[in-house]
Amino acid sequence: MPLLSQPLWKHFFGLFILGGLIIAVAGCGGPMASINADDATVAETSESDTTAESETKTTQKSTIRLPRKRYELNMDSSPFNKLTEAEAYVILNKGTEPPGDGGYTLTKDPGTYICKRCNTPLYHAKDKFISHCGWPSFDDEIKDAVKRLRDADGRRIEIVCANCGGHLGHVFHGERLTPKNERHCVNSISMKFIPEGKEMPKPIKATDVKKKEDAMKSEKAANPKATDAK
Ligand SMILES: [Zn+2]
């Protein structure tokens, strides 16, 4: 009889995945979910709704394979910037990149961090600090750029782009890491860095997007065959 039967292998593999998940979640009070190297397989995603306004229920035990088609359809129909699948997972579905993986965790260059989805300026580099939590950290946001919501877990404060509702991360108070005593724990993948002196892309206003979407809906209602044939 082999030393490790197939079921036992599966058991260890399950423990390995679970252990990795616990490490990711435990990291400095970071966001709840993680995404692994294969963008299609994620753990702890929200159930179905992709809007910031809706309450999303977070499942903590199951590993869910994302339905790729649904995200491609969502991205293609949005007048906001087109997102990759990994970006859509974090920004639209409140996922989290693994700690230390994001490109902006340790950056210090002067400039501005803008929303990946809508180009709205979110954070100045001068407000960034190294918190060693594994994600980019800021102790202040650009005025009115970030909206705070009660997280689905009932205890943390989620932060989203005030314009497009894209998920950014979470904000924490009272850690005494900087004089402002606040830490915006933000996924690198939710932002784009614009170095000082470089031209900023024009923000895509949510109100303009709604107008475009309404126009697309009207056009489709008036002539469904023409739009479906594409
Ligand atoms: Zn945005």
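Because the structure is predicted, anything quoted here is derived from the model rather than measured.

Caption draft 1: The packing of aromatic side chains, seen in detail. Inspection of the entire model under this criterion finds five aromatic pairs. Ring geometry for Tyr-113 versus Phe-138: centroids 5.3 Å apart, planes at 70°, classification edge-to-face. Of this pair, Tyr-113 sits in strand β4 (residues 111–115) while Phe-138 sits in strand β7 (residues 137–138), placing them 25 residues apart in sequence. Of the two residues, Tyr-113 and Phe-138, neither departs from the other in class, the shared state being buried. Among the aromatic residues, ring-to-ring pairing joins Tyr-104, Tyr-113, Tyr-123, Phe-138 and Phe-193 into one connected group.

Caption draft 2: Layout of the sheet that holds strand β11 (residues 182–186). Overall, antiparallel pairing links the six strands, which are arranged β6-β7-β11-β10-β9-β8 in an open sheet. Looking at which strands have only one partner, the edges of the open sheet turn out to be β6 (128–129) and β8 (146–150). Strand direction decides the pairing type here: β8 and strand β9 (residues 157–161), joined by five bridges, are antiparallel. Opposite Arg-148, over in β9, you have Ile-159 as the bridge partner.

Cut-offs applied
- Residues numbered from 1 in each chain as written.
- Predicted model: local features only at pLDDT ≥ 70, side-chain atom pairs only at ≥ 80, totals over all residues.
- Heavy atoms only, no water.
- Phe/Tyr/Trp six-rings, centres within 6.5 Å; stacked < 30°, edge-to-face > 60°.
- Helix = DSSP H or I, 4+ residues; strand = E, 2+ residues; numbered from the N terminus.
- Buried < 20%, exposed > 50% of the residue type's maximum accessible area, 1.4 Å probe, protein only.
- Pairing = 2+ DSSP bridges.

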